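Each chain is listed here by its residues.
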Amino acid sequence: MSLNPDVRVAALAGRIAERLNTRLQQTVRPPVALALSGGGDSMALLEVASDWARAAGRRLVAITVDHGLNPASRDWSRTCARAAGAAGADWLERRWNGDKPVTGLPAAARRARHALIAEAAREVGAKVVLLAHTADDVAESDWMRSRGSTLGGLREWSPSPAWPEGRGLMLLRPMLGERREDLRDLLRGRGRGWIEDPGNAGFARGEARRALGPLRSGQGGSFVSPLTLDRERGGGRAVALPLGEGFEGSGDVAMTLLCAAGHDRVPRLDRLSALRARLAGGDPFVATLAGARVQSSKGRLLITREAGELRRCPPVPVCLVPGQATVWDGRYEITAGEEGWRVVPALGRLAGLSDADRAVVARSLPAARGALPVLIRDGAPAPVLAWRQARVRSLAPRRLSLALGETTQESDLDRTIHGETAPPDLL
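Since we're looking at a predicted model, the values are computed, not measured.

Engineer: Honestly, the overall build of the protein chain in this entry has me stumped. Any pointers?
Structural biologist: When you go through the protein chain residue by residue, the secondary structure sums to 14 helices and 16 strands. In the protein chain, which comprises 427 residues, the proportion classed as buried is 47%. Partitioning the intrachain contacts of the protein chain with sequence separation of at least 6 by distance along the chain shows that 67% fall at a separation of at least 24. Accessible surface computed for the protein chain: about 20,500 Å², of which carbon and sulfur atoms make up 51%.

Engineer: I tried to follow the packing of helix α2 (residues 40-56) against helix α3 (residues 73-87) on my own but got confused; where do I start?
Structural biologist: How two helices pack is summed up by the angle between their axes together with the distance between the axes. Contact geometry for α2 and α3: axes closest at 10 Å, N-to-C directions at 30°. Relative to α3, the element α2 lies roughly parallel. You can see that α2 and α3 cross each other, and the crossing is right-handed. The segment α2 lies against α3, with Met43, Leu46, Ser50 and Arg54 engaging Thr79, Ala83, Ala84 and Ala87. Counted by class, the contact of α2 with α3 contains five nonpolar, two polar and one charged residues.

Engineer: Can you walk me through the sheet that holds strand β16 (residues 390-394) in this structure?
Structural biologist: Sheet strands associate in pairs through backbone hydrogen bonding, adopting either a parallel or an antiparallel arrangement. Taken in spatial order, the three strands line up as β11-β12-β16 in an open sheet, and their pairing is antiparallel. Of all strands in the sheet, those bounded by a partner on one side alone are β11 (326-328) and β16. If you compare each strand with its neighbour and ignore which way they point, the axes differ by 30° on average. Pairing geometry for β11 and strand β12 (residues 332-336), over three bridges, is antiparallel. Within β12, the residue paired with Val327 across the bridge is Glu333.

Engineer: Can you walk me through the pairing of strand β3 (residues 90-95) in this structure?
Structural biologist: Regular strands have side chains that alternate between both faces of the sheet. Of the pairings in the sheet, the one linking strand β2 (residues 60-66) to β3 comprises six bridges and is parallel in character. Considered in β3, the bridge of Asp66 is made with Arg95. Regarding the hand of the β-α-β motif, the stretch spanning β2, α3 and β3 is right-handed.

Engineer: Where do I start with the packing of aromatic side chains in this structure?
Structural biologist: Two aromatic rings are characterised by how far apart their centres lie and by the angle between their planes. Counted according to the given criterion, the structure contains two aromatic pairs. Seen in terms of ring centroids, Tyr332 and Trp387 are 5.9 Å apart; in terms of plane orientation they differ by 90°. Their pairing is edge-to-face. Of this pair, Tyr332 sits in strand β12 while Trp387 sits in helix α13 (residues 386-389), and the two are 55 residues apart along the sequence. Given the relative accessible area of 8%, Tyr332 is considered buried. For Trp387, a relative accessible area of 17% translates into the label buried. One aromatic cluster is present, formed by Trp328, Tyr332 and Trp387 through successive ring pairs. The ring of Trp96 carries the charged tip of Lys100 above its face, separated from the ring centre by 4.9 Å.

Engineer: How should the pairing of strand β7 (residues 285-289) be read in this particular structure?
Structural biologist: The alternating pattern of β7 places Phe285, Ala287 and Leu289 on a buried face and Val286 and Thr288 on a face that is not buried. Where β7 meets strand β8 (residues 292-297), five bridges bridge the pair, whose relative direction is antiparallel. From the neighbouring strand, Phe285 faces β8, where its bridge partner is Ser296. Taken together, β7 and the strand that follows it, β8, pair antiparallel across an intervening segment of two residues, in which Ala290 is found at a positive phi of about 55°.

Engineer: So what exactly am I meant to see when it comes to the environment of Cys259 here?
Structural biologist: With respect to the helices and strands, the residue Cys259 is situated in helix α9 (residues 251-261). In this structure Cys259 comes out as buried when scored by relative accessible area, which is 4%. Between the C-alpha atoms of Cys259 and Arg398, which are 139 residues apart in sequence, the distance is 9.3 Å. Residues in contact with Cys259, not counting those within four places in the same chain, are Arg331, Ala396, Arg399 and Leu400.

Engineer: In this structure, what is going on with the environment of Thr407? I would like to understand it.
Structural biologist: Of note, Thr407 is situated in the segment after α14 (396-403). Not counting chain neighbours up to four residues away, the residues in contact with Thr407 comprise Trp157, Ser401, Leu402, Asp412, Leu413 and Arg415.

Engineer: Would you explain unusual backbone geometry in this entry?
Structural biologist: Glycine aside, the phi torsion of most residues is negative, and most peptide linkages are trans. Here the bond from Trp163 into Pro164 is cis, since omega is 5°, no more than 30 degrees from zero. Tracing the backbone shows Pro164 in the loop between β5 (157-159) and β6 (170-172). For Ala290, which is not glycine, the phi torsion reads 55° and is therefore positive. Tracing the chain through its elements places Ala290 in the loop between β7 and β8.

Engineer: Sorry if this is basic, but what is going on with the packing of α2 against helix α6 (residues 180-189) here?
Structural biologist: Interhelical geometry of α2 versus α6 gives an angle of 55° and a closest axis separation of 9 Å. Overall, the two elements α2 and α6 adopt an arrangement that is oblique. Here α2 and α6 pass one another in a crossing that is left-handed. Judged by residue contacts, Gly40, Asp41, Met43, Ala44, Glu47 and Val48 of α2 engage Arg180, Leu183, Arg184, Leu186 and Leu187 from α6.

Conventions used here
- Residues numbered from 1 in each chain as written.
- Predicted model: local features only at pLDDT ≥ 70, side-chain atom pairs only at ≥ 80, totals over all residues.
- Heavy atoms only, no water.
- Helix = DSSP H or I, 4+ residues; strand = E, 2+ residues; numbered from the N terminus.
- Buried < 20%, exposed > 50% of the residue type's maximum accessible area, 1.4 Å probe, protein only.
- Contact = heavy atoms within 4.5 Å.
- Areas by Shrake-Rupley, 256 points an atom, 1.4 Å probe, with all protein chains shown as cover.
- Axes fitted to C-alpha atoms, helices over the stretch in contact; angles between N-to-C directions.
- Parallel < 35°, antiparallel > 145°, perpendicular 65-115°, else oblique.
- Left-handed = near helix turned anticlockwise from the far one by under 90°.
- Nonpolar A, V, L, I, M, F, W, Y, C, P; charged D, E, K, R; others polar.
- Pairing = 2+ DSSP bridges.
- Right-handed = clockwise from strand over helix to strand, strands pointing away.
- Phe/Tyr/Trp six-rings, centres within 6.5 Å; stacked < 30°, edge-to-face > 60°.
- Lys NZ or Arg CZ within 6 Å of the ring centre and 35° of its normal.

As structure tokens, then:
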């Protein structure tokens, strides 16, 4: 027996709200951010999330990114602003300026969108961004990957892929189990409209939508791609999905490399697979990949910043602004208390450090010493370890912890991760 449409829509809203309750805190000061494109999915999420925010005593901030790819995009932004206001949410807009690539436009737009959303969310103090992906998106992504796409998987709770803009920021997708058409029923029932972006018909995503059509009632997110079938049937296809929006696939090794190297450039899949095979073999070895150095010995695995990469592409010296957190080398967030300091790598400057600083450096791994941050300034007699004159936070421990799923709720984001800050006896 089919449910009354009103009952079905109410049940849908209740499921989404319950997922928000499970992950998010109530009556706390930081706002919750929401990515609002104006499409049916994000408009439905705005409706449910705004109801939840009022009940939970939370501020909701909708963020719209204007990619500048459609002549109507300014009108779309205005539609989003009105919708956010009607829902009782604050609204911010960010624009993707500059030249657009001729090839790889969807990936570049996705990358820019994540970075702009992350910057805006951090600006207002949000720790979680709500995204409106649905069960249809999961099925389409599976379909695209089964045909060779490198698009990553989608998880309900995952770190922002933007680096370093999204550091410490989590993405929550509370509608992954819901069908796109059901969300439009919710909007119709509330008398709300939405934008149909003609760009959705193009590129691989549009091809996937045409091939699959909307998920039918009862399907949920249960679409099974040929890729999944091969795994389940033991078809012999050794497929390791590359990292993407959800850091899926060969996540542990790849994410550890990226965290050690301080960037987000995923290594080639063949090289990553070769490294994983060597690790599984158990023999001692030293290798480099993606700007990281891997040293494997019996019972121990060390992954650090690659010194050779540091010499080939040294981080640009950065002038620190007092009181302003600055990300350096993708691995440290440094906040100086005084003017005039610049941060540079210790490589080539270790001999100039004080005896006390060299004693501290001696306690770190030899392969990692050159990549430590030191501060220099005009008129200063010698460089100093950054921890002497600034507040330094190591970004890799939290980044890896979030990527590996060790954090499951918003409240977990307040705790200090081991290794994130220097031990009390460092200095």
